[in-house]
Amino acid sequence: MSDSTTPRPLDHVARIQAEWARERPDLDVRPQGVIGRLHRLAGLLTEELCVVYGRFGLSEGEFDVLATLRRAGEPFERAPGELATHTMVTTGAMTKRIDRLERAGLVTRRRAAGDGRARVVALTPAGRDLIDRAFSEHMRNERRLLDSLTEDEAAALESLLTAWLGRAEQQRRD
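Small disclaimer: the values here were computed from a predicted structure and weren't measured. (Residues numbered from 1 in each chain as written. Predicted model: local features only at pLDDT ≥ 70, side-chain atom pairs only at ≥ 80, totals over all residues. Heavy atoms only, no water.)

1. Things to note about the overall build of the protein
Link 1 in the chain: Tallying secondary structure elements over the protein gives 7 helices and 3 strands in all.
Link 2 in the chain: Written out in order from the N terminus, the α and β elements of the protein read α-α-α-β-α-α-β-β-α-α.
Link 3 in the chain: For the protein, the C-alpha radius of gyration of 21 Å lies well beyond 16 Å, the compact-globule estimate for 174 residues.
Link 4 in the chain: Judged by the C-alpha coordinates and their principal axes, the protein covers about 70 × 40 × 25 Å. (Helix = DSSP H or I, 4+ residues; strand = E, 2+ residues; numbered from the N terminus. Rg over C-alpha atoms; globule rule 2.2 N^0.38 Å.)

And the structure:
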């Protein structure tokens, strides 16, 4: 049985920090404690999230497109450029995603009313049904992933990440 005086085994990032501290004692490697763990955790979380997307025959990007259309509200459509902005991918990558989703019968493309050159991407009824089911499962999965934290820990983490992300996004805009 472990008590508070028993040292915990080093995690992956702590082992890397210890090696760098040994090899480069002139450098402050403390930032790796935050950045390295966030990066590693993001990878692990992405793997867990993609399992759910895969159950619905979707990639992470396809899930993102369908979710972006769904949360747009009736009539569940957006212009391709708007989709790219809301999902933070290039328009070329967006075109490939839309092509696959259209072939699967989950979205349609049509000319925008009032501008024959502009296009609009819309969820089909099958696409809406799929994303509603997938998103419900996605939320259950995210709850499961957060269940290893207490409510206070999750709230504190969300607050810290919100502040940090807000500042980082503002710096990018400036």
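2. Overview of unusual backbone geometry
Link 1 in the chain: Between Glu74 and Pro75 the backbone carries a cis peptide bond, its omega angle lying at 5°.
Link 2 in the chain: Its location among the elements puts Pro75 in the loop between α3 (60–70) and β1 (77–78).
Link 3 in the chain: With a phi angle near 60°, Phe76 is a residue other than glycine that sits in the positive phi range.
Link 4 in the chain: Looking at where Phe76 falls in the secondary structure, it is placed in the loop between α3 and β1.

3. Looking at helix α5 (residues 91–103)
Link 1 in the chain: Compared with an ideal rise of 1.5 Å per residue, which puts 13 residues at 18 Å, α5 spans 18 Å between its outermost C-alpha atoms and is within 8% of the ideal.
Link 2 in the chain: Taken residue by residue, α5 has Met94, Ile98 and Leu101 as its buried positions. Each buried residue of α5 sits inside an arc of 65° when the element is viewed along its axis, so together they form one side. Exposed side chains of α5 directed beyond 90 degrees from the buried face belong to Lys96 and Arg103. (Expected span 1.5 Å × (residues − 1). Buried < 20%, exposed > 50% of the residue type's maximum accessible area, 1.4 Å probe, protein only. Arc of directions from axis to C-beta.)

No statement about biological role is implied by the geometric values presented.
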